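Spelled out, the chains give:
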Amino acid sequence: MLLSHGGEPLRTAAPVARWTVEQVLALAPDDASRKAGSKLGSAGPWSGGGCDGSGAVWGQCKGSGSKPYVTVIDITGPAYKCSCPSRKFPCKHALGLLLVWASGESALPAGEVPDWAGEWLADRRRRSVEQAEKRAGTDGVPSAGPADPEAARRRAERRAERITGGAQELEERLADLLRGGLAAADQPGYGLWEETAARMVDAQAPGLAARVRELGSIPSSGPGWPARLLEECALLHLLDSAWLGIDRLPEPLAATVRTRVGLTAPAEGPPVRDRWLVLARYDTPDGKIVARRIWLYGRETGRTALLLSFGAAGRSPGPALPVGVTIDAEITPHPGSGRLRAELGRQFGVPSPTGTPPPGGTAAEAIGGYGDALREDPWLDAWPVTLRDVIPVPSGDGWQLVDAAGDAALPVAPAALSRPGLWKLVALSGGSPVTVFGECSHRGFEPFAAWSTRSDDDPGSDDDSGAGGGTEGEVGADFGDGAEAGGGTEAGTATAAGTRGVAAAATAARSDTGSGRAGAASGIVPLI
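Residues numbered from 1 in each chain as written. Predicted model: local features only at pLDDT ≥ 70, side-chain atom pairs only at ≥ 80, totals over all residues. Heavy atoms only, no water.

Draft legend 1. Structural detail: the packing of helix H5 (residues 149-180) against helix H7 (residues 206-216). Interaxial distance between H5 and H7 falls to 10 Å at its minimum, and their mutual angle equals 20 degrees. By the angle between their axes, H5 is roughly parallel relative to H7. Remark: the crossing between H5 and H7 carries left-handed chirality. Contact residues: Arg 159, Ala 167, Leu 170 and Leu 174 in H5; Pro 206, Leu 208, Val 212 and Leu 215 in H7. When grouped by side-chain class, the residues that make up the contact of H5 with H7 number seven nonpolar, no polar and one charged. (Axes fitted to C-alpha atoms, helices over the stretch in contact; angles between N-to-C directions. Helix = DSSP H or I, 4+ residues; strand = E, 2+ residues; numbered from the N terminus. Parallel < 35°, antiparallel > 145°, perpendicular 65-115°, else oblique. Left-handed = near helix turned anticlockwise from the far one by under 90°. Contact = heavy atoms within 4.5 Å. Nonpolar A, V, L, I, M, F, W, Y, C, P; charged D, E, K, R; others polar.)

Draft legend 2. Representation of the nonpolar core within the structure. In this structure, Trp 19, Val 57, Ile 73, Leu 98, Trp 101, Trp 276 and Ile 331 are the most contacted members of the largest nonpolar core, which totals 40 residues. Element by element, the count of residues in this core is highest for helix H3 (residues 92-102), at eight residues. (Core = buried A, V, L, I, M, F, W, Y, C linked by side-chain atoms within 4.5 Å. Buried < 20%, exposed > 50% of the residue type's maximum accessible area, 1.4 Å probe, protein only.)

Draft legend 3. View of the sheet that holds strand E13 (residues 409-411). Taken in spatial order, the six strands make up an open sheet running E13-E12-E11-E14-E15-E17, and their pairing is antiparallel. Taken across any chain shown, the strands that pair with only one partner, and hence form the sheet edges, are E13 and strand E17 (524-526). Ignoring which end each strand starts from, the neighbouring axes of this sheet average 45 degrees apart. Taken together, the six bridges between strand E11 (residues 383-395) and strand E12 (residues 398-403) define a ladder with antiparallel strand orientation. (Pairing = 2+ DSSP bridges.)

Draft legend 4. Examining H5 more closely. The end-to-end C-alpha distance of H5, which contains 32 residues, comes to 47 Å, matching closely the 46 Å that a straight helix rising 1.5 Å per residue would cover. Every buried residue of H5 is accounted for by Ala 151, Ile 163, Gly 166, Ala 167, Glu 169, Leu 170, Leu 174 and Leu 177. Against helix H6 (190-202), H7 and helix H8 (225-244) lie the buried residues of H5. Backbone geometry just after H5 places Gly 181 at a positive phi near 95 degrees. (Expected span 1.5 Å × (residues − 1).)

Draft legend 5. Seen up close, the pairing of E11. Here six bridges tie E11 to strand E14 (residues 434-441), and the two strands are oriented antiparallel to one another. In the sheet register, Pro 384 faces E14, and the bridge partner there is Glu 439. In this antiparallel pair of consecutive strands, E11 and E12, the connection spans two residues, and Gly 396 shows a positive phi of 60 degrees.

Draft legend 6. Fine view of the pattern of salt bridges. Following the criterion strictly, the structure yields 22 salt bridges and no others. Two residues, Glu 157 and Arg 153, come together in a salt bridge whose shortest N-O distance is 2.4 Å. Taken together, the positions of Glu 157 and Arg 153, both in helix H5 and four residues apart, correspond to about one turn of that helix. Since its relative accessible area comes to 40%, Glu 157 is described here as partly exposed. You can call Arg 153 partly exposed: its relative accessible area is 39%. Residue Asp 372 is joined to Arg 375 by a salt bridge in which the shortest nitrogen-to-oxygen separation is 3.3 Å. With Asp 372 and Arg 375 both in helix H10 (residues 363-376) and three residues apart, the pair spans about one turn of that helix. (Salt bridge = Lys/Arg side-chain N within 4 Å of Asp/Glu carboxyl O.)

Draft legend 7. The arrangement of the environment of Gly 345 in detail. Counting through the fold element by element, Gly 345 comes out in strand E9 (residues 341-347). Take Gly 345: its relative accessible area is 15%, and that puts it in the buried class. The spacing of Gly 345 and Ser 128 is 217 residues in sequence and 9.8 Å in space, taken between C-alpha atoms.

Draft legend 8. The arrangement of the packing of aromatic side chains in detail. Under the counting rule described, the total for this entry stands at five aromatic pairs. Ring geometry for Trp 295 and Phe 437: centres 6.3 Å apart, planes at 70 degrees, overall edge-to-face. A residue pair is termed long-range when its members are at least 10 positions apart, and Trp 295 in strand E6 (residues 289-298) and Phe 437 in strand E14 qualify at 142 residues. The exposure class assigned to Phe 437 is buried, which follows from its relative accessible area of 1%. Pairwise contacts between aromatic rings join Tyr 282, Trp 295, Phe 437 and Phe 448 into one cluster. Residue placement shows Arg 273 over the ring face of Phe 348; its charged tip is 3.7 Å from the ring centre. (Phe/Tyr/Trp six-rings, centres within 6.5 Å; stacked < 30°, edge-to-face > 60°. Lys NZ or Arg CZ within 6 Å of the ring centre and 35° of its normal.)

Draft legend 9. Inspection of the pairing of strand E8 (residues 325-333) at higher detail. In terms of residue burial, E8 counts as a mostly covered element, since nine of its nine residues are buried. Relative to E8, strand E5 (residues 272-286) is paired through six bridges, and the arrangement is antiparallel. Paired with Asp 274 across the strands is Ala 329, a residue of E8. With two bridges connecting them, E8 and strand E10 (residues 352-353) associate as antiparallel partners. Along E10, the bridge assignment pairs Thr 326 with Ser 352. The pairing of E8 with E9 spans four bridges and is classified as antiparallel. Bridge pairing in E9 links Pro 333 to Ala 342.

Have a look at this one:
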């Protein structure tokens, strides 16, 4: 009998709910893989394929050689194995096989797992169970600490001393910067900032180094840069001061300061089991590594959690959970204010597609929540928020998400204005309210996923209104003039003026959403 990721037996007779086409394509590591996988998403090139109730999918794809490529997928990961030489995860064959499975093609009938696929599946799931037990202990007890606690304590003390020296040096650099005047901060060039950042790396404080590099990118970055530089210098000074006086801080804030300067802390405490909805997943390059962020929402606990993982450049980090699925799993939170970041533990059963959004709130409530989070963590970049019943409306050179009641609005962050996801959001709305999940920050709101709040039989909705449509792989700040929530009259005027053009924009955007109603099939429409 095959085992799940968490070690529970699965009945192969039970059917596994299929993913949508968009959920499959969201797994592609790049556009080229997405296009190549789509070409293999029909039954034609496949033979000897099938699937079963444990989440196994297998098939053989005809290639240019005499032997077909053998592809096996474990939906519970998901994880992939293919005999092709590609170094991408998933490769085009895995994407194509998933597309065939998602479309319900008869080329993948339910059946028994063949030996050539079952061997890898059993070994992968066995290793997954062993890794989960190693992280949490076989009886749910945290695994033992370092072999030599005294040596570990001495190493931690030496690193803390280095970080303290780096923080003191950084305070001197900031004092010199302010003494010379911020208006002249652009004259030395970026080299001085990089030198300071390198000193922080030597002090084993990568968090301080990253913030220094951010400071170096501000001079001459556009109108008002001295004010932005002063704000960031103040935050960096606050972080330095907090580290130098960390012994006087309450433990939750002290844990946050340690994390911000670059000290990693393991996940701790009892695991939290829930049915977690995957809200968003996106990768960001950071030098020679790629950081993957996955936002989860717990159906029973109402908790939002962030899974953060890293991978080498050119190689996708794990896990690769598709947006819109729900997983029955345990997570263990990391220490610190907010306790958003968590580690994924044991999974039970197979992921199931679902689209019910989190409850959500108004734009004013989102700003209030972000302000509360900043009180606990002044260095917070963004805060996860779900907006309920908002309408995307053009505003000057950008867009706003306006409450349907017309009494408040949030600006769409500049980084999101150039993404295709904005037009998916406009197409999904068509001038009607939608529910949107994203990150709220001092730059505005970045939309990551959306749900339509109207049904197909609502007046004015039609069939085109849904948008979104050998290898092995396993987020109180001032929003500025354009970001103010505004009074009821201003927001209401924006709604009235903006929605007249939204319908036309939505019609044009629908042709670019790629998968038509594929996203609506599961309710959620990924926007990033």
